[in-house]
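Spelled out, the chains give:
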Amino acid sequence: MNEMMPTPEIDYLPLLPMIIVAAAAVIGVIVEAFAPRRARRPLQLVLAFGSLIGAFAALVWQSGVRSTEVEGAVVIDGPSVILQGIVLLLAIVAALLISERTLDPAGDAFAPRASALPGSEDERQFTSRGYLQTEVWPLFLFSVLGMMLFPAANNLLVMFVALEVMSLPLYLLAGMARRRRLLSQEAALKYFILGAFSSAFFLFGSALTYGYAGTIQFSGIAEALTAQPGRSALLVGGLALIGVGMLFKIGAVPFHQWVPDVYQGSPSPITAFMAAAVKVAAIGALLRVLYVAFGGIRWDWQFMLWVIAGLTMLVGSIVAISQSDIKRMLAYSSIAQAGFILVGVSAASQAGLDASLFYLIAYGFTTMGTFAVVSLVRDSTGEATKISQWAGLGRKSPVLATCFAIFMLALAGIPLTSGFVGKFLVFEAALAADAIVVVLIGVLASIIAAFFYVRVIVVMFFSDPPEDGPSVVIPSAATTLALAISVAVTVILGVLPQPVLDLIEQAGVFLG
Amino acid sequence: MIGTGAAMLSDSAPVLQPLAPASGVFAYLWVLLALPLFGAAVLLLGGRRTNRWGPYLGCLTVITAAAYAIALLVSMMALPADERAIGQSLYSWVAVGSFQAEFALQLDQLSMVFVLLITIVGSLIHVYSLGYMEHDVDRRKFFGYLNLFIAAMLLLVLADNYLLLYVGWEGVGLASYLLIGFWQFKPSAAAAAKKAFVMNRIGDVGLSLAIMLIFVTFGTVAFDSVFAQAGQASETTLTWIGLLLLLAACGKSAQFPLQAWLLDAMEGPTPVSALIHAATMVTAGVYLIVRSGAIFDGTAVALTVVAIVGVITMFLGAIIGSAKDDIKKALAGSTMSQIGYMIIAAGLGPIGYVFAIFHLLTHGVFKANLFLGAGSVIHGMDGQQDMRRYGALRTAMVVTWLTFMCGYLAIIGIPPFSGFFSKDDIIHAAFEKNWIIGVCGVLAAGITGFYMTRMIIMTFFGKARWEDDVHPHESKPVMTIPLIILGIGSLFTGAALVYWGDIVGWLEPVTGLQEEPLAIPTIALEGITLTVVLIGVAIAIAKYRSTVPVEPPPGNLLTVAARNSLYDDAINDALVVQPTYALSRGFVTVDDRVIDGTVEGSASLVGGVSRRLRLVQTGFARSYALLMVAGAILVAVVLVVVRLS
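Quick caveat, the model's predicted, so the values are computed rather than measured.

**Examining the overall build of chain B**
Per the secondary structure count, chain B includes 26 helices and 3 strands. With 645 residues in all, chain B has 57% of them scored as buried. The long-range fraction of contacts in chain B, counting pairs at least 24 apart against all pairs at least 6 apart in sequence, stands at 81%.

The structure is reproduced here in structure tokens:
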């Protein structure tokens, strides 16, 4: 921007969590290139889990720091620490699911060589030789890095870079399913094309905003809003286009159509990761853009968010009713859930921020759990995702079915689950902001949603199992642990949410 | 207390009692909840190991809770009337900014009578279930669910704030669905469970909206602070809160227009019908309204709607009960009708609150008695529930017959048995407020006499119409002893509560002061009511004295309608279910079929890679993108419109 770029003074300690993940991802690429095939998987597992746990430890160690780093490009404040913490914890659970390789007799959830054409001779050969790929891991870590940077970015350019670092690996990961590869590749391609499209929106919006404010720094945009409060097409256009780019990632209506296809087609561990962690990162970034940069014109975007949130909740809930595939149903459910979170975001208040953060934690872990269960219910062709195939699951595997029932009740917002506390907090925050109509729509949507959540419970517990029904694979310790964590968080946040609420409350406000 | 309270507040408002800290025997209030919860946890998590002794543990926890409840009652009676409300805070549940919800319990006179009803009737039903469910392979789970229900119901009545009450509210719902669907091998049971869940969700939404509105209005959800400020809120706000609370009550208590699930709920085992769908859970709506008396006092509109809903349901239930041939469904109709009486009483305002609770208590006892009696008959008849297949059972099942007669005399209100006291009080209070409601109450009492007499004649008198291989036999002592206890309770609870327990004086600190003695001479009104009841009885005797055909006769229009539960299913289906499905399908057509309709089939398309990819590139992704552009335009337009406005 200026003729002379000053050499930035960087305090590396607060950035340590991101640096650890980034370093591990790069080393992972090197491992893929140079390590012998047999050593790759153990090395990658050590790298992935080591870096994620290490990054979380560093985050906790540095959690008291509140500063802007790298010449104001990255901001470390309470919400960013919380969001990075959620992303890391969810990533650890997702890594447990990705590492699972006992479910499918042929190997893990990923295609042996993603480059082989589906149904080709190459593919058969790779499968019969028992190839497993480990490129998944560095891709996964890069995506985690993007998710950590996304809500911590303090200007539009860094935010865009983070968006792409997060998304590009996901496009690839979505296309790597071992089973039903056509569906998976179709999903990846759609996700990529539409994702690129939405990135263009974001970029164009950033350019317009720069045109208005003369800066891409969030604090600078906020200052420009107070300095020149006049109406500007550049400002409105910039806000709208940036909003579209982020709402796409969140999966809000009417930018949601990729969600069911991609969630259905992707390998279940990746679907779990996307459904949970991308939403956390994207909502976090949206919160920062709207609250910090565009906080001065909240009256403009608040109404827009109400419309989007209302649409998202209704469309997600209504369409989910008639889904016959469990992954598609969960996809529409996650659309509806995004709507509920947006209700919290639209409150434009501290209560709204806190409620949204809590909802993200609750939603993230519950969602991880649901997809973990989906990955366990299988028949000879892979996962049995027809809801009708789940009939009588409660009698065949009562423990697993009970776990899934708990997740469904949480998503439906039944008390003593995390979902209830989350819904209550976002609705309360929205009511305090006088958004009565949105809250009414939200409550209406939650009745409709209860219908399809309960339908699964009824099918599992109150129906006879079909003759050739799927069986539940006994998971290894990894998936069991992931499932146990998800259930524990879902129940504990419903019964004893106070410690987490306190944590969020202490985290405080965005640094401008 | 009465003097100072009345001086401080308007004369009919409930008097707010300060909560005393829990000490002495009250210090272990949480144990009441913990006992059944412990039982449920052991039974449901313990697996098959607990099969043998689990059911006994389930009974033991509830009986212990009942014993503790009685100890609490004795201690409470020893306290002065104005120190009987006890509060115990367990921990801070949700606290964000100005929003506080404690996990805190409150035991006052109103909670106390509920705790006694739940634990004592619950104990009897648990013991009875030992016999009734003897041969069921899953009976461990059954007792686990029953214990879970008791814990949730106790939480509902012991909560000291609306949010915690909501937890209990959903908890009893959950236990109820699990128990309705307990016999999963019957598809009708699974369907009934789902129906109960969905219809109750509508009511629950009323409650959650009410809680939010309460918080926004008063800044708190704790009962004592809300009621203390109730007088300051505007009447419109109070009306909205009141109507939303009424919606909640309609869902849980099967009141019009959310009554349809209760008849289907009879698919559950009979002890469940007795405990949950007659004695306790379905009265939670009455509890909610009476508990929120301070809010309803400020809104004549909401109170009137409450009374109207009560009147409608009272007649609906009575008419349905008169036509059903299934003994449990007839009793379910009767339950709806009797809860209608309670809702009417609650809708009369402070004058009726006490009578609502009074009738709730006597009804809890005699309806549990009737249901368990019906269960004994069904048990003896090898699962037959059609009364047209009964007849002449009084000789085969003497104890059941005699105890059922106790419940019968109580429900139709023959003096000096329970229903006489409680129902007549409601009718009396209704005449004080509005003579139309009073007349309706008298008429419904007549219909009660009719359908109950019909039930008695079809079941115990006349000729035997049993199916060939059925040999009715009296049930075992484990079932008949609870019946005998409840039978005695049916006869005398009413008198005991009036003459010995002084129910009116006991509840006064919670429900507010009673108004002046009633103007209409009591004797005259009682005479009229009794005459109408006897006319109903006489019509039933005249109609069913002679032979009862095994196949139901054609019947007139009203009979046919009543046999079909007044077409509530058809109405719900046409008004709610079909439109929702149509809407969903419509959305799907746009969202799913047209745009990516081939996704479902794509798994089978192993070949044709290029064709698929081409389709993706040229067709579908493009239309998604098009929609995104449309969405972007929408976002921009909304932003601009907001700017300009």
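**Quick word on the overall build of chain A**
Counting its secondary structure elements, chain A contains 20 helices and 5 strands. Rg of the C-alpha trace for chain A: 22 Å, near the compact-globule value of 24 Å for 512 residues, within the 12% margin. Projected onto its principal axes, the C-alpha positions of chain A cover 70 × 55 × 40 Å. For chain A, the residues scored as buried account for 65% of the 512 residues in total. Considering only contacts in chain A between residues 6 or more positions apart, those separated by 24 or more positions represent 80%.

**Digging into the interface of chain A and chain B**
A common way to state how big an interface is: give the accessible area lost once the parts meet. Each side of the interface is counted separately: chain A has 63 residues, and chain B has 59 residues. Broken down by secondary-structure element, the contributors of at least two residues to the side of chain A that touches chain B are α7 (181-213), α9 (233-250), α10 (258-265), α12 (298-321), α14 (350-376), α17 (418-432), α18 (436-462) and α20 (498-507) of chain A.

**Observations regarding the confidence of the model for chain B**
Residues and elements named next belong to chain B. Taken residue by residue, chain B gives an average pLDDT of 80. The fraction at 70 or more is 87%. The secondary structure element of chain B with the lowest average pLDDT is helix α1 (residues 2-8), at 34, and the one with the highest is helix α12 (residues 284-291), at 91. Note that residues 1-14 has pLDDT below 50 and, in this model, 24 contacts with residues that lie over four places away or in other chains. Considering only residues more than four positions removed or in separate chains, one finds that residues 591-619, a stretch of pLDDT under 50, has 30 contacts. As a predicted assembly, this complex carries a pTM of 0.83 together with an ipTM value of 0.77.

**A short note on unusual backbone geometry**
With omega at 5°, the peptide bond leading from V253 of chain A into P254 of chain A counts as cis. Relative to the elements of secondary structure, P254 of chain A occurs in the loop between α9 and α10. Backbone torsion omega between F256 of chain B and P257 of chain B reads 5°, so that peptide bond is classified as cis. Structurally, P257 of chain B is set in the loop between α9 (235-252) and α10 (260-264). With a phi angle near 50°, R180 of chain A is a residue other than glycine that sits in the positive phi range. Its location among the elements puts R180 of chain A in the loop between α6 (156-174) and α7.

**Comments concerning the sheet that holds strand β2 (residues 86-96) of chain B**
Residues and elements named next belong to chain B. Within the open sheet, the 3 strands sit side by side as β1-β2-β3. Their pairing is mixed. A strand with exactly one partner marks an edge of an open sheet, and here the two such strands are β1 (20-21) and β3 (99-107). Here 2 bridges tie β1 to β2, and the two strands are oriented parallel to one another. Across the sheet, residue P21 finds its bridge partner in β2, namely G87.

**Quick notes on the packing of helix α11 (residues 268-293) of chain A against helix α13 (residues 326-346) of chain A**
Residue and element names in this part refer to chain A. Where α11 meets α13, the closest approach of the two axes is 11 Å, and the angle between their N-to-C directions is 20°. Here α11 lies roughly parallel to α13, going by the angle between them. The chirality of how α11 crosses α13 is right-handed. In contact with T271, A275, K279, I283, L286, L287 and L290 of α11, α13 contributes K327, S334, A338, I341 and V345. Residue composition of the contact of α11 with α13, grouped by class: 8 nonpolar, 2 polar and 2 charged.

**Some remarks on the environment of R129 of chain A**
Residues and elements named next belong to chain A. Residue position: R129 is located in the loop between α4 (121-128) and α5 (136-149). Accessibility expressed as a C-beta count within 10 Å gives 9 for R129, which makes it exposed. For the pair formed by R129 and A106, sequence separation is 23 residues and the distance between their alpha carbons is 9.8 Å.

**Let's talk about the pairing of β2 of chain B**
With 9 bridges connecting them, β2 of chain B and β3 of chain B associate as antiparallel partners. In the sheet register, V94 of chain B faces β3 of chain B, and the bridge partner there is A101 of chain B.

**A short note on the sheet that holds strand β3 (residues 377-379) of chain A**
Residues and elements named next belong to chain A. Spatial strand order, β4-β3-β5: 3 strands in an open sheet with antiparallel pairing. The open sheet terminates on both sides in strands that have one partner only, identified here as β4 (382-383) and β5 (471-472). Pairing geometry for β3 and β4, over 2 bridges, is antiparallel. Paired with D379 across the two strands is G382, which belongs to β4. Where α14 meets the sheet, its contacts fall on β3, β4 and β5, and the angle it forms with β3 comes to roughly 25°.

**Observations regarding α9 of chain A**
Residues and elements named next belong to chain A. In this model, α9 (18 residues) spans 25 Å end to end at C-alpha, consistent with the 26 Å of a helix rising 1.5 Å per residue. By the criterion of burial, α9 is predominantly enclosed, with 16 of the 18 residues buried. Positive backbone phi, approximately 80°, marks G251, located one or two places after α9.

Rules used throughout
Residues numbered from 1 in each chain as written. Chains lettered and ligands numbered in written order. Predicted model: local features only at pLDDT ≥ 70, side-chain atom pairs only at ≥ 80, totals over all residues. Helix = DSSP H or I, 4+ residues; strand = E, 2+ residues; numbered from the N terminus. Buried ≥ 20, exposed ≤ 12 C-beta atoms within 10 Å, placed from the backbone. Contact = placed C-beta atoms within 7 Å. Rg over C-alpha atoms; globule rule 2.2 N^0.38 Å. pLDDT = per-residue confidence, 0-100. Pairing = 2+ DSSP bridges. Axes fitted to C-alpha atoms, helices over the stretch in contact; angles between N-to-C directions. Parallel < 35°, antiparallel > 145°, perpendicular 65-115°, else oblique. Left-handed = near helix turned anticlockwise from the far one by under 90°. Nonpolar A, V, L, I, M, F, W, Y, C, P; charged D, E, K, R; others polar. Expected span 1.5 Å × (residues − 1).

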